[in-house]
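Take a look at the letters that make up each chain.
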There are 4 protein chains.
Amino acid sequence: MESKVGRPRSERAREAVLHAVDDLLVEVGYAAVTMKGIAERAGVSRQTVYRWWSTKAEILFEASAADAEEELAVPPTGDTLGDLTTYLQALINFLANTHAGAAYRALIGEAQHDPEVAQLLAGKDILGDSARTVLARATPDHDLDDASARLIGPVFFAIMSGRGPSRLDPQELARRFLA
Amino acid sequence: MESKVGRPRSERAREAVLHAVDDLLVEVGYAAVTMKGIAERAGVSRQTVYRWWSTKAEILFEASAADAEEELAVPPTGDTLGDLTTYLQALINFLANTHAGAAYRALIGEAQHDPEVAQLLAGKDILGDSARTVLARATPDHDLDDASARLIGPVFFAIMSGRGPSRLDPQELARRFLA
Amino acid sequence: MESKVGRPRSERAREAVLHAVDDLLVEVGYAAVTMKGIAERAGVSRQTVYRWWSTKAEILFEASAADAEEELAVPPTGDTLGDLTTYLQALINFLANTHAGAAYRALIGEAQHDPEVAQLLAGKDILGDSARTVLARATPDHDLDDASARLIGPVFFAIMSGRGPSRLDPQELARRFLA
Amino acid sequence: MESKVGRPRSERAREAVLHAVDDLLVEVGYAAVTMKGIAERAGVSRQTVYRWWSTKAEILFEASAADAEEELAVPPTGDTLGDLTTYLQALINFLANTHAGAAYRALIGEAQHDPEVAQLLAGKDILGDSARTVLARATPDHDLDDASARLIGPVFFAIMSGRGPSRLDPQELARRFLA
DNA sequence: CCATAAGCGAGACGGTACGTCACGTCTTTGG
DNA sequence: CCAAAGACGTGACGTACCGTCTCGCTTATGG
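Residues numbered from 1 in each chain as written. Chains lettered and ligands numbered in written order. Predicted model: local features only at pLDDT ≥ 70, side-chain atom pairs only at ≥ 80, totals over all residues. Heavy atoms only, no water.

## Regarding the overall build of chain A
Part 1 of the argument: When helices and strands are counted, chain A shows 10 helices and zero strands.
Part 2 of the argument: For chain A, the sequential pattern of α-helices and β-strands runs α-α-α-α-α-α-α-α-α-α.
Part 3 of the argument: Seen through its principal axes, chain A has C-alpha atoms that stretch 60 × 40 × 30 Å.
Part 4 of the argument: Expressed as a percentage of its 179 residues, the buried residues of chain A come to 49%.
Part 5 of the argument: At a minimum sequence separation of 6, the contacts of chain A that also span at least 24 residues come to 59%.
Part 6 of the argument: Counting only carbon and sulfur atoms, one obtains 50% of the accessible surface of chain A, whose full area is about 9000 Å².
Part 7 of the argument: Within chain A, one finds 19 positive and 26 negative side-chain charges whose respective centroids are separated by 5 Å. (Helix = DSSP H or I, 4+ residues; strand = E, 2+ residues; numbered from the N terminus. Buried < 20%, exposed > 50% of the residue type's maximum accessible area, 1.4 Å probe, protein only. Contact = heavy atoms within 4.5 Å. Areas by Shrake-Rupley, 256 points an atom, 1.4 Å probe, with all protein chains shown as cover. Lys, Arg positive; Asp, Glu negative; His and termini not counted. Charge placed at Lys NZ, Arg CZ, Asp CG, Glu CD.)

So this is what it looks like as structure tokens:
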């Protein structure tokens, strides 16, 4: 429950920070994004940033989660192969070409050696959720965790390992998944 | 060509650094490993560390690459399903349970936002190479890049995304891969 | 001119602030007394503190001035040496052992580098006034400023310079003053 | 014992800091002197300032102690009244008109509420020492502490309490001291 | 009796200095 | 020429307090 007393949180400041972190990620890269830099870019005091977020990972997550979910939502058409293909295409595009995707890759990277970031991501499994949503209406397979790892894995590995998305064929991957 | 004059590089210092980085990775985690800390732990001057390596990623890569290759080498038995299962089991163990695996996950994470680390990893694709070696003698599939992504991907995603190795069944994954 | 309309100033808040600053001075020392700390200790909003006082020096002065005057008032007995001795004893005790004295020393210290505090103290010369009062009825000396400096000075210096009150002998000082 | 290895301390940095603190004291006043400001003014890193001094009080003390001692040294002439008068004149001038004197007043002020500053000053009692030196050759009085307090006190109080040096007559004070 | 006015608490805001840490470089002694 | 030691400038860290600002609520006075 939010307090009713005291000066209310500035929506302007909140948005400025989220936009700033997004801009900075693109301009200077994740490693060079700093809390100080975010504050200055947003025209907000450092204290205000710390008041609402503990780490740059938290800000980045809040800034990209909504985009990510939207990007990975695929409307059902009844055509299973088509839906999976569309989903994989969206996934490839998200991870390889969007700001939110770059943020997401950076966060997963940080999570490998920062438990707090790992916990942050564990709270909302955007990739897994999107895959499970698509799979729930596409297959009789009831172990959705397992199935989602098999669906996402090849794309995820190809992009995260640095070989890039160019040789990925979503339709072929979808076909093999259903085989 | 290496210079013949002057004091030769100290082999003692080199090994001390590599051991130090390995120890520190276990003790304090990747994020808390610093060049300063490595130098102090190794009993070596900071300048000496910088003389031979640019970043902690380089040291870590050098320190863990050999371990990684050994860990992922699977002797051929002629049994395709068995070999793939053994390989996936080794891969799961490597990524989830070994020091070298933790280092490798950290490096892949860094590579998402640090081009120098990305290039470092691109120079020696340990995961892909190991998979291709196993696949070359196991399947008629000639697109080994594609096949390796499909083989490694599910395991890689499951572990990197934080859901852990516990629910992974290497034999089931190998069977589905061959289907 | 004070306004007649609106909510009147809270006497409760005023007293709470003065008590808080007194308590804090004893507990954490002058340097660690902050406007924020005073407000919290008094159970009063920071705004309210700022509404009535500009600095912690002002609050401290208001909180200790009355105590100081009382502490340094010496009733005349007709015995000049006795009165001066009594006064010097009171002065030693005030500066070295009382809360108000500690506050006063702190304020004089601040006044050395803060013109506003200097002006605050200039408005009411508590030490000088008390000495002049005693001297006016004790000596034919008509330059009371001069005489008060000679009377107070040795005690003041001994305590302010950190050597402490232990070796001060008020009667001996009084005798020498009258010589 | 100082280490012989490693880069030696920069004399240039040391002097720049001492000059900076002196300049700043005059320009902005003690309260507004900050470690950050000193570093910037000296063209030196903050880290370097902290490496050699803990507080601005320490820097100020080091910067002004030598000046202070020089300022308060009075050559003996054999004329007791004359020497004391000269000394008191020098004391008045030091406390009221010199940079080092302003620094010294500020430090004594801080010492009233900062135990570390108090200890710093206790280590070298510049005022007391100078008075004792003059008194040792001027009077048969063997309690030099006591005598120095009586000598310095009136001047010290007059200046510290804010009434200023204008009405002080060193010869008259010396005469009364000897009476 | 209700409108106006000021005081009150709470708490967010933009600032600025704090003292610490690691960075990568530079400068010395000594092998 | 290399190694060690360690000081250097740089710049981000997270915290504290500064003094100001909005809020909604509480008292008072006076039409």
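## Focus: the domain arrangement of chain A
Residues and elements named next belong to chain A.
Part 1 of the argument: Its domain assignment divides chain A into domain 1 (11-53) and domain 2 (60-178).
Part 2 of the argument: Of note, the centres of domain 1 and domain 2, computed from C-alpha atoms alone, are 27 Å apart.
Part 3 of the argument: Interface of domain 1 and domain 2: buried area, both sides summed, is about 800 Å²; carbon and sulfur atoms make up 67% of it.
Part 4 of the argument: In terms of surface lost to domain 2, no three residues of domain 1 exceed Asp 22, Leu 25 and Tyr 30, which account for 57% of the buried area on that side.
Part 5 of the argument: Connecting domain 1 to domain 2 are one salt bridge.
Part 6 of the argument: One salt bridge connects Glu 62 with Arg 14, and the closest N-O pair in it is separated by 3.3 Å. (Domains from an automatic or database assignment. Buried area = accessible area lost by both parts, 1.4 Å probe. Salt bridge = Lys/Arg side-chain N within 4 Å of Asp/Glu carboxyl O.)

## Brief notes about the relation of the copies chain B and chain A
Two chain copies here: they are related by a rotation about an axis and a translation along the same axis.
Part 1 of the argument: Under the fitted operation, chain B is carried onto chain A by 0.0 Å of movement along the axis and a turn of 180 degrees, and the coordinates agree to an RMSD of 0.2 Å. Look at the turn and shift together and you get a two-fold axis relating the two. (Least-squares fit on C-alpha atoms with pLDDT ≥ 70 in both.)

## Some points on the protein's contact with DNA strand E
Part 1 of the argument: Near DNA strand E, the surroundings consist of 46 residues, among which Thr 48 of chain A, Gln 47 and Tyr 50 of chain B together with Lys 36 and Tyr 50 of chain D are the closest.
Part 2 of the argument: Each atom of DNA strand E within 4 Å of the protein was classed as base or backbone; sugar and phosphate made up 58%.
Part 3 of the argument: A distance of 2.8 Å separates a phosphate oxygen of DNA strand E from a polar atom in the backbone of Met 35 of chain B.
Part 4 of the argument: Interatomic distance of 2.8 Å between a side-chain N/O atom of Gln 47 of chain D and a base nitrogen of DNA strand E.
Part 5 of the argument: Those elements that place two or more of their residues in the surface near DNA strand E are α3 (46-52) of chain A, α2 (35-42) and α3 (46-52) of chain B, α3 (46-52) of chain C together with α2 (35-42) and α3 (46-52) of chain D.
Part 6 of the argument: Looking at the surface near DNA strand E, the element that brings in the most residues is α3 of chain A, giving five residues.
Part 7 of the argument: Grouping the constituent residues of the surface near DNA strand E by class yields 12 nonpolar, 17 polar and 17 charged. (Near = heavy atom within 4 Å. Polar contact = N/O pair within 3.5 Å; in protein donor to acceptor, adjacent residues only side chain to side chain. Nonpolar A, V, L, I, M, F, W, Y, C, P; charged D, E, K, R; others polar.)

## Here's the deal with the UniProt feature "DNA-binding region" (unreviewed entry) in chain A
Part 1 of the argument: Mapped onto this numbering, the UniProt entry gives "DNA-binding region" (unreviewed entry) at residues 34-53 of chain A.
Part 2 of the argument: In residues 34-53 of chain A, the share of helix is 75% and the share of strand is 0%. The end C-alpha atoms are 13 Å apart. (UniProt positions renumbered as here; feature names shortened; annotations may be inferred.)

## Topic: the UniProt feature "domain: HTH tetR-type" (unreviewed entry) in chain A
Part 1 of the argument: Under the present numbering, the feature "domain: HTH tetR-type" (unreviewed entry) in UniProt falls on residues 11-71 of chain A.
Part 2 of the argument: Taken end to end, residues 11-71 of chain A comprises 80% helix and 0% strand; its first and last C-alpha atoms sit 25 Å apart.

## Some remarks on the protein's contact with DNA strand F
Part 1 of the argument: The full set close to DNA strand F counts 44 residues, and Tyr 50 of chain A, Gln 47 and Tyr 50 of chain C together with Gly 6 and Ser 45 of chain D are the nearest of them.
Part 2 of the argument: Between Ser 45 of chain D and DNA strand F, the recorded distance is 3.2 Å, taken from a backbone N or O atom to a phosphate oxygen.
Part 3 of the argument: Sorting the residues of the surface near DNA strand F by element identifies α2 (35-42) and α3 of chain A, α3 of chain B, α2 (35-42) and α3 of chain C together with α3 of chain D as the ones contributing at least two each.
Part 4 of the argument: Among the elements that make up the surface near DNA strand F, the one with the highest residue count is α3 of chain D (five residues).
Part 5 of the argument: Of the residues that constitute the surface near DNA strand F, the class distribution is 11 nonpolar, 17 polar and 16 charged.

## So, helix α8 (residues 126-136) of chain D
Think of an α-helix as 3.6 residues a turn; residues three or four steps apart then line up on the same face.
Part 1 of the argument: Most of α8 of chain D sits inside the fold, with eight of its 11 residues counted as buried.
Part 2 of the argument: Buried residues of α8 of chain D: Ile 126, Leu 127, Gly 128, Ser 130, Ala 131, Arg 132, Val 134 and Leu 135 of chain D, and no others.
Part 3 of the argument: Tucked into the core, α8 of chain D has its buried residues touching α9 (144-160) of chain C together with α4 (56-72), α5 (80-97), α6 (99-111), α9 (144-160) and α10 (170-178) of chain D.

## Comments concerning α10 of chain D
Part 1 of the argument: Within α10 of chain D, burial applies to Pro 170, Leu 173, Ala 174 and Phe 177 of chain D. Buried residues along α10 of chain D cover an arc of 100 degrees about the axis, so they all sit on one side.
Part 2 of the argument: Along its buried surface, α10 of chain D packs onto α9 of chain C together with α5, α8 and α9 of chain D.
Part 3 of the argument: The opening residue of α10 of chain D is Asp 169 of chain D, an N-cap whose side-chain oxygen sits 3.0 Å from the backbone nitrogen of Gln 171 of chain D. (Arc of directions from axis to C-beta.)

## Concerning the packing of helix α4 (residues 56-72) of chain C against helix α5 (residues 80-97) of chain C
Residue and element names in this part refer to chain C.
Part 1 of the argument: Remark: α4 packs on α5, axes separated minimally by 9 Å, with the N-to-C direction vectors making an angle of 150 degrees. Between α4 and α5, the angle falls in the class roughly antiparallel. Taking contact as the criterion, the partners of Ala 68, Glu 71 and Leu 72 in α4 are, on α5, Tyr 87, Ala 90, Leu 91, Asn 93 and Phe 94.
Part 2 of the argument: Looking at side-chain class alone, the contact of α4 with α5 contains six nonpolar, one polar and one charged residues. (Axes fitted to C-alpha atoms, helices over the stretch in contact; angles between N-to-C directions. Parallel < 35°, antiparallel > 145°, perpendicular 65-115°, else oblique.)

## Some remarks on the pattern of salt bridges
Part 1 of the argument: Taken as a whole and judged by the stated rule, the model has 58 salt bridges over all chains.
Part 2 of the argument: One salt bridge in this structure joins Glu 27 of chain A and Arg 41 of chain A, with 2.6 Å as the shortest N-O distance. Of the two residues, Glu 27 of chain A sits in helix α1 (residues 11-28) while Arg 41 of chain A sits in helix α2, which places them 14 residues apart along the sequence.
Part 3 of the argument: In this structure, the salt-bridge partner of Asp 145 of chain B is Arg 167 of chain A, at a minimum N-O distance of 3.3 Å. Taken as a pair, Asp 145 of chain B in helix α9 (residues 144-160) and Arg 167 of chain A in the loop between α9 (144-160) and α10 (170-178) lie in two separate chains rather than in one.
Part 4 of the argument: Given a relative accessible area of 28%, Asp 145 of chain B falls into the partly exposed group.
Part 5 of the argument: Taken together, the shared-partner salt bridges connect Asp 125, Asp 129, Arg 132, Asp 143 and Asp 145 of chain A together with Arg 163 and Arg 167 of chain B into one network.

## Remarks on the relation of the copies chain C and chain D
Part 1 of the argument: Turning chain C through 180 degrees and shifting it by 0.0 Å along the axis lays it on chain D, with an RMSD of 0.2 Å.
Part 2 of the argument: Same-surface contact between copies: 100% of interface residues of chain C are shared with the interface of chain D.

## Focus: the arrangement of the chains
Part 1 of the argument: In this assembly chain A lies apart from chain C, the nearest approach of their C-alpha atoms being 11 Å.
Part 2 of the argument: Chain B shows no contact with chain D. Their nearest C-alpha atoms sit 11 Å apart.

## Some thoughts on the nonpolar core
Part 1 of the argument: Core analysis: the largest hydrophobic core is formed by 123 residues, its most contacted members being Phe 156 of chain C together with Phe 156 of chain D.
Part 2 of the argument: Setting aside its immediate chain neighbours within four residues, Phe 156 of chain D contacts Phe 156, Phe 157 and Met 160 of chain C together with Leu 95, Ile 108 and Leu 127 of chain D. (Core = buried A, V, L, I, M, F, W, Y, C linked by side-chain atoms within 4.5 Å.)

## A few points about the interface of chain B and chain A
Part 1 of the argument: Contact with chain B, which involves 30 residues of that partner, is made by 30 residues of chain A.
Part 2 of the argument: Each partner contributes to the roughly 2800 Å² buried at the junction of chain B and chain A, and carbon and sulfur atoms together form 56% of this total.
Part 3 of the argument: The interface formed by chain B and chain A includes six salt bridges.
Part 4 of the argument: In this structure, Asp 125 of chain A and Arg 163 of chain B form a salt bridge, with 3.5 Å as the shortest nitrogen-oxygen distance.
Part 5 of the argument: The interface formed by chain B and chain A contains 16 residue pairs in polar contact (both at pLDDT 80 or more).
Part 6 of the argument: Counting residues per element, the ones that place at least two in the side of chain B that touches chain A are α6 (99-111), α8 (126-136), α9 and α10 (170-178) of chain B.
Part 7 of the argument: For the side of chain B that touches chain A, the leading source of residues is α9 of chain B, giving 11 residues.
Part 8 of the argument: Here the residues of the side of chain B that touches chain A sort into 12 nonpolar, six polar and 12 charged.

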